[in-house]
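# Descriptive analysis of the structure
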Amino acid sequence: MSLSNPSQVLLRNSELLIAKAPLLINLPEDGFIDALIALDQPESIHCFNTNFIDYQAITKKNDGAKRQGVHATFASTYQTKTCHDLVIIAFPKSKAELTFTLAMIAHCINETTKILLVGEKKGGIQSAPKLTKDLLSCCQKVDAARHCLLFAGLFQPEKLSVVFNLQDWFKKYQITVEGVELTIASLPGVFSQQKLDTGTALLLSNLPDKMSGKVLDFGCGAGVISCFIGKKHIDTKLYLLDVSALALTSAQESLALNGLSGKVFPSNSLSDVSEKYQHVVSNPPFHQGVKTHYEASEDFLAGINKQLTKQGSITIVANSFLRYQPIMQAHIGNTRVIAKGKGFTIYQAQLSSK
């Protein structure tokens, strides 16, 4: 795999990368870890990823090589007893997530820990000094190349002792849909963090009248769809899947706030799906980082037939410009347009009996 532009910019500044125990936050597996080992032979490298796909790639590469000292973590928060002398953060799509990430690492760094922020210009990284002014001192631009920027800074010493409490970071809001009242909790960076989005609202108003058995919420986000189904259809068993650890933690919190339970688990599209479901419901994601990305959703629609029970159904909402109906028709069976509105379309398909 070739090095991404942000990784190339980091390696242009190799003098900043010398460290005994670097922490890499949400960096992809693109060969950068190999380059870091070749550069300096650190005692340990810790990789923290909230994206399951990146975590899987790092784990596969480093477990396969049985490399000593490379540690991978997939979670919504980072816990360690190690004190890191270097932290490299891939600039997140959500600016609120950057503040969350910095607050989360205060327990495992000190006043001499170099904090590097790297990302593509179009991702908004030029706002890094302004965004970090309450936590970092002297956050300065150190390089600009390959349409990317690199910033370096140090933590303000007085901020290092602030205790991070996950509960403080949930945004909670109430919604009422079809007479069902819900409380939703969402962490920074999770889709539809502040309110019910238009597409999901349309979807919830056009679900099957009767639902029972196992229901898969694919790309669950903060868990709005599952919470609605769980409260309205008490004979359902809820399964919630997402690629984001921040989403999964949010969904777990939303379930608890609504007195519901469900199996919440990570998966790269259908990689970790093993059950069969009576119903699959989804507002499938088509954004990954700042790029538009359809592949995961198309793979999901092409492969979900194997995870449906006999006569199982799938109901999804999608931006009307997305060509999902032919894929569903080809792989699942008769696919109907249930509703349209505000740029969104609801598709429903039932597994063909063959």
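Please read all numbers here as calculations on a predicted model, not as lab measurements.

## Quick notes on the overall build of the chain
Along the chain, the regular secondary structure elements total ten helices and 18 strands. Here the chain has a C-alpha radius of gyration of 22 Å; the compact-globule value for 354 residues is 20 Å, and the two agree. Projected onto its principal axes, the C-alpha positions of the chain cover 60 × 40 × 35 Å. Nonlocal contacts in the chain, meaning residues at least 24 apart in sequence, comprise 67% of its contacts between residues at least 6 apart. Surface exposure of the chain reaches about 16200 Å², of which carbon and sulfur atoms provide 50%. In the chain, 35 side chains carry a positive charge and 29 a negative one; their mean positions are 6 Å apart.

## Some details on the pattern of salt bridges
One pass over the structure, following the stated rule, counts six salt bridges. With a shortest N-O distance of 4.0 Å, Lys122 and Glu120 are connected by a salt bridge. The exposure class of Glu120 is partly exposed, given its relative accessible area of 24%. For Glu275, the salt bridge goes to Lys214, with nearest N and O atoms at 2.5 Å. In this pair, Glu275 sits in the loop between β12 (262-266) and β13 (277-282) while Lys214 sits in strand β10 (residues 213-218), placing the two residues 61 residues apart along the sequence. What makes Glu275 partly exposed here is its relative accessible area of 22%. What you see here is one network of salt bridges that share partners, running through Glu29, Asp34 and Lys61.

## As for the pairing of strand β16 (residues 308-319)
Summarising burial for β16: ten of the twelve residues are buried, a large majority. Relative to β16, β13 runs parallel, the two sharing five bridges. Each residue of the ladder has a partner; that of His279, found in β16, is Ser313. Here β16 runs beside strand β18 (residues 344-350); their pairing, made up of seven bridges, is antiparallel. Bridged to Ser313 within β18 is Gln350.

## Looking at the pairing of strand β6 (residues 136-145)
Note that β6 and strand β7 (residues 148-155) share seven bridges and pair antiparallel. Residue pairing across strands places Leu136 opposite Phe155, the latter belonging to β7. Linking two consecutive strands that pair antiparallel, namely β6 and β7, is a turn of two residues; a positive phi of about 50 degrees is found at Arg146 within it.

## Brief notes about the nonpolar core
Soluble globular proteins tend to pack their nonpolar side chains together in the buried interior. Grouped together as the largest cluster of nonpolar side chains are 66 residues, with contacts concentrated most on Leu102, Ile105, Ile115, Phe155 and Ile229. Top contributing element to this core by residue count: helix α8 (residues 245-257), with six residues. Ignoring any residue separated from it by four or fewer positions in sequence, one finds Phe155 in contact with Leu102, Ile105, Ala106, Ile109, Ile115, Leu135, Leu136, Ser137 and Leu160. Within the second largest apolar cluster, 24 residues are counted, among which are Ala318, Met328, Ile332 and Leu351.

## A few points about unusual backbone geometry
Notably, His147 is not glycine yet its phi reads approximately 60 degrees, a positive angle. Secondary-structure assignment places His147 in the loop between β6 and β7. In this structure, Gln311 takes a positive phi of about 65 degrees despite not being glycine. Relative to the assigned elements, Gln311 resides in strand β16. With relative accessibility at 42%, the residue Gln311 sits in the partly exposed group.

## Some thoughts on the side chain of Thr200
Its place among the elements puts Thr200 in helix α6 (residues 198-204). Here the side chain of Thr200 touches Asp197 through a polar contact of 2.8 Å, side chain to side chain. Apart from residues no more than four positions distant in its own chain, Thr200 is found in contact with Val224, Ile225 and Asn283.

## Some details on the side chain of Asn206
Within the secondary structure, Asn206 is located in the loop between α6 and β10. Here Asn206 falls in the buried class, since its relative accessible area comes to 17%. Contacts of Asn206, omitting those with residues within four sequence positions, involve Thr315, Ile338, Ala339, Ile346 and Gln348.

## Considering the sheet that holds strand β17 (residues 335-341)
Taken together, seven strands build an open sheet; the order of strands is β12-β11-β10-β13-β16-β18-β17 and the sheet is mixed. Across the chains shown, the open sheet's two edge strands, defined by having one partner strand only, are β12 and β17. The average angle at which neighbouring strand axes cross in this sheet is 15 degrees, direction not considered. This element, helix α9 (residues 295-303), spans β10, β13 and β16 of the sheet and lies at about 155 degrees to β16.

Reading guide: rules and limits
- Residues numbered from 1 in each chain as written.
- Predicted model: local features only at pLDDT ≥ 70, side-chain atom pairs only at ≥ 80, totals over all residues.
- Heavy atoms only, no water.
- Helix = DSSP H or I, 4+ residues; strand = E, 2+ residues; numbered from the N terminus.
- Rg over C-alpha atoms; globule rule 2.2 N^0.38 Å.
- Contact = heavy atoms within 4.5 Å.
- Areas by Shrake-Rupley, 256 points an atom, 1.4 Å probe, with all protein chains shown as cover.
- Lys, Arg positive; Asp, Glu negative; His and termini not counted.
- Charge placed at Lys NZ, Arg CZ, Asp CG, Glu CD.
- Salt bridge = Lys/Arg side-chain N within 4 Å of Asp/Glu carboxyl O.
- Buried < 20%, exposed > 50% of the residue type's maximum accessible area, 1.4 Å probe, protein only.
- Pairing = 2+ DSSP bridges.
- Core = buried A, V, L, I, M, F, W, Y, C linked by side-chain atoms within 4.5 Å.
- Polar contact = N/O pair within 3.5 Å; in protein donor to acceptor, adjacent residues only side chain to side chain.
- Axes fitted to C-alpha atoms, helices over the stretch in contact; angles between N-to-C directions.

Bear in mind that shape data such as this cannot, by itself, settle questions of function.
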